[in-house]
Amino acid sequence: MAITSNNHFDVLIVGAGISGIGAAYHLRTRRPGTTFAILEGRDSIGGTWDLFRYPGIRSDSDMPSFGFGFKPWTHRTAIAERQVILDYLRETVSENQIEQHLKLGHQVISAEFSTGTGHWTVQVRASGSTESVAYTARFLFLGTGYYDYEQGYTPTFEGVDDFTGDIVHPQHWPENLDYAGKRVVVIGSGATAVTLVPSMADKTSHITMLQRSPSYVISIPAEDVIANALHRVFSPERAHQLARLKNIALNRGIFKACMRSPELMRRLLIANVRRQLPKNFDVDTHFTPRYSPWEQRLCMVPNGDLFKAISAGKASVVTDRIERFTPNGILLESGQELAADIVVTATGLNLSPLGKIVLSVDGAQVKLADATVYKAMMLSGVPNAAFALGYTNISWTLKVDLVSEHFCRLLDHMDTHGHHIVEPVVADPGMVCVPLIDLSAGYVQRGKDAFPKAGTIGPWTVEMAYEADVKRLRHGPVADAELRFSSRQPVSPTR
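Here the residue numbers are simple positions, counted from 1 along each chain's written sequence. Only residues with pLDDT of at least 70 get local features here, since the model is predicted, and only at 80 or more are side-chain atom pairs given and counted; chain-wide, interface and lining totals rely on the full set of residues. Think of the side-chain values as coming from all heavy atoms in the structure, minus any hydrogens and water.

**Brief notes about the overall build of the chain**
Only DSSP runs of H or I reaching four residues or more are called helices, and only runs of E reaching two or more are called strands; each is numbered from the N terminus. In terms of helices and strands, the chain carries 13 helices and 25 strands. Throughout, the radius of gyration refers to the C-alpha atoms, and the reference size of a globule is 2.2 Å times the residue count to the power 0.38. By the compact-globule yardstick of 23 Å for 495 residues, the chain fits well, its C-alpha radius of gyration being 24 Å. Principal axes of the C-alpha set define a box for the chain whose edges measure 70 × 55 × 50 Å. Note on classification: 1.4 Å probe, protein chains only; a residue is buried when its accessible area is under 20% of the maximum for its type, exposed when over 50%, partly exposed between these limits. With 495 residues in all, the chain has 55% of them scored as buried. Contact between two residues is taken to exist if any of their heavy atoms lie within 4.5 Å; hydrogens are not considered. Contacts in the chain between residues at least 24 apart in sequence constitute 71% of all its contacts with a sequence separation of at least 6. Charge convention: Lys and Arg are scored as positive, Asp and Glu as negative, and His as well as the terminal groups of each chain are ignored. For the purpose of locating charges, the reference atoms are NZ of Lys, CZ of Arg, CG of Asp and CD of Glu. A distance of 5 Å separates the average location of the 49 positive side-chain charges in the chain from that of its 50 negative side-chain charges.

Given below as structure tokens:
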């Protein structure tokens, strides 16, 4: 197949969410001569923040650390709503002339690497078309996240067809859903549920969070007083840097304390909940999880909005199991029936590795579950490819910045030494491997077997530790005994 210059690039970035935009910025600034395009299956940028549109959707991390390291977060709100985050991403794209690299409505179906040519051939289907078009590139950068954008997770409930009201999954929120004056039941206890309940409470006649078991919920300030004070004293860049360092230290400190002293942190977290609810509220039943802190993500609520809605009588929490749906609501195993006009199934997401893209090398399909991740950004046996997978215990974007920096350093190293192909190779085939994502949450447990594995030694570990990745990705060497470089001259595009 002839390679045409119009569809050939040094790097093809897949995904125009936070990861793809971050990678594009670093390529533009660190390697201005590198040609690249961003292939995005949706018709707009933003990824998760464009897809999810349920009431109250907001960041579950503080924005000084969730924002990019290179673009100051200057908004007063530290826990930002969807539209504010989208505006920030659009500004990033505009300020850094990334629009010219965007190809929206371009869904990547498959990608095959040829060691003979040193190129990826990527099959792409444009919106409204049934045929695919081939793009080629020296490198592939996957910024696809790990959610299935097509379908959220809903368990099988008996009697669903009997229910006469509306059933909605947050991932597919109807644009004109009217819940004013309605009785609403939100099934779930995770970040989505604790966001929906206070956001809808003022309009509903009553809203109930129905949970099988409770999660840890922590109240945090909606505005970062220290960050806002720093912005009054320093330049936006310096204030952002200081606020970011402060929040990273605070969040890492809380996580490490949970790992070192889980019982103490458990008591402190639950005591924080008790202080914000009425004295007779059954915190032991509804806000005391059976697991230790950070076995699952902590659910953060700005200014305790969930607790305020409960205290005001606008919302309630029921901890029980569902027996079946009825025409008028949900019958619980305890015998209680919850009346409902609308049921929201905030029951989780489906995980999907690398955007469901079928990867092949020299005609052999890559079995992702058999691959091992290298420096948490490349795959064993897969040449000239990198991916960004953010942290689960701190802001996602912190990892995106580090991976993008290291990716550019890798390209620099290869150019300097005349290398054209790089492939991670596991030196010890007997190395013990572990799940890539180490959380006990249901969505992780359901999907983890489809993902590549993490190793337990050397560059194959995935520590979810920002300070360790700074040392490894930002300051550590690029060359490694378990990276195999070769200098085959790739085929040039046809002009």
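**Details of the packing of aromatic side chains**
The geometry of an aromatic ring pair comes down to the distance between the two centres and the angle between the two planes. Classification of ring pairs uses Phe, Tyr and Trp, with its six-membered ring standing for Trp, and accepts pairs whose centres are within 6.5 Å; under 30 degrees between planes counts as stacked, over 60 as edge-to-face, and the remaining range as tilted. Throughout the structure, instances matching the rule amount to 20 aromatic pairs. Judged by centre distance (5.4 Å) and plane angle (75 degrees), the ring pair of Tyr-374 and Trp-460 falls under edge-to-face. One end of the pair, Tyr-374, is in strand β19 (residues 373-374); the other, Trp-460, is in the loop between β24 (453-454) and α13 (466-475), with 86 residues separating them in the sequence. Among the aromatic residues, those joined into a ring-pair cluster are Tyr-25, Phe-68, Phe-70, Trp-73 and Tyr-88. One residue, Arg-446, lies across the ring of Tyr-153, its end atom 3.4 Å from the ring centre. For a ring to carry a charge above it, either NZ of a lysine or CZ of an arginine must fall within 6 Å of the ring centroid while also lying within 35 degrees of the normal to the ring plane.

**Considerations on the pattern of salt bridges**
Between Lys or Arg on one side and Asp or Glu on the other, a salt bridge is scored when a side-chain nitrogen of the former is within 4 Å of a carboxyl oxygen of the latter. On inspection of all chains with the given rule, the structure shows 26 salt bridges. Linking Glu-405 and Arg-30 is a salt bridge whose minimum nitrogen-to-oxygen distance equals 3.9 Å. Of the two residues, Glu-405 is situated in helix α11 (residues 396-417) and Arg-30 in helix α1 (residues 18-30); the sequence distance between them amounts to 375 residues. Arg-30 sits in the partly exposed class, given a relative accessible area of 42%. Close ionic contact of Asp-415 with Arg-31 constitutes a salt bridge, the shortest N to O distance being 2.6 Å.

**Concerning helix α6 (residues 225-233)**
Within α6 the residues assigned to the buried category are Ala-227, Asn-228 and Leu-230. Angularly, the buried residues of α6 cover 155 degrees about the axis, an arc narrow enough to put them on a single face. Exposed residues lying more than 90 degrees from the buried face of α6 are Val-225, Arg-232 and Val-233. Each polar contact in these results corresponds to two N or O atoms within 3.5 Å; when the atoms are within protein, one needs to be able to donate a hydrogen and the other to accept it, and residues that are neighboring in sequence are counted only if both atoms are side-chain atoms. A distance of 3.2 Å separates the backbone nitrogen of Ile-226 from a side-chain oxygen at the start of α6, and that oxygen is part of Asp-224. Note: the arc covers the axis-to-C-beta directions of the helix.

**Overview of the sheet that holds strand β8 (residues 183-187)**
As summarised here, the arrangement of the five strands in space is β7-β16-β8-β9-β12, forming an open sheet in which the pairing is parallel. Each of the sheet's edge strands pairs with one partner strand only, and the pair in question is β7 (166-168) and β12 (315-319). Each strand of the sheet is rotated relative to its neighbour by a mean of 20 degrees, with strand direction disregarded. Following DSSP output, two strands are said to pair if at least two bridges run between them. In the sheet, β8 pairs with strand β16 (residues 342-345) via four bridges, with the strands oriented parallel. What sits directly across from Ile-187, in β16, is Thr-345. The axes used here are C-alpha line fits, helices contributing only the stretch in contact, and every angle between their N-to-C directions lies in the interval 0 to 180 degrees. Relative to strand β9 (residues 206-211), helix α5 (residues 191-201) is tilted by about 170 degrees, and along the sheet it contacts β8, β9, β12 and β16.

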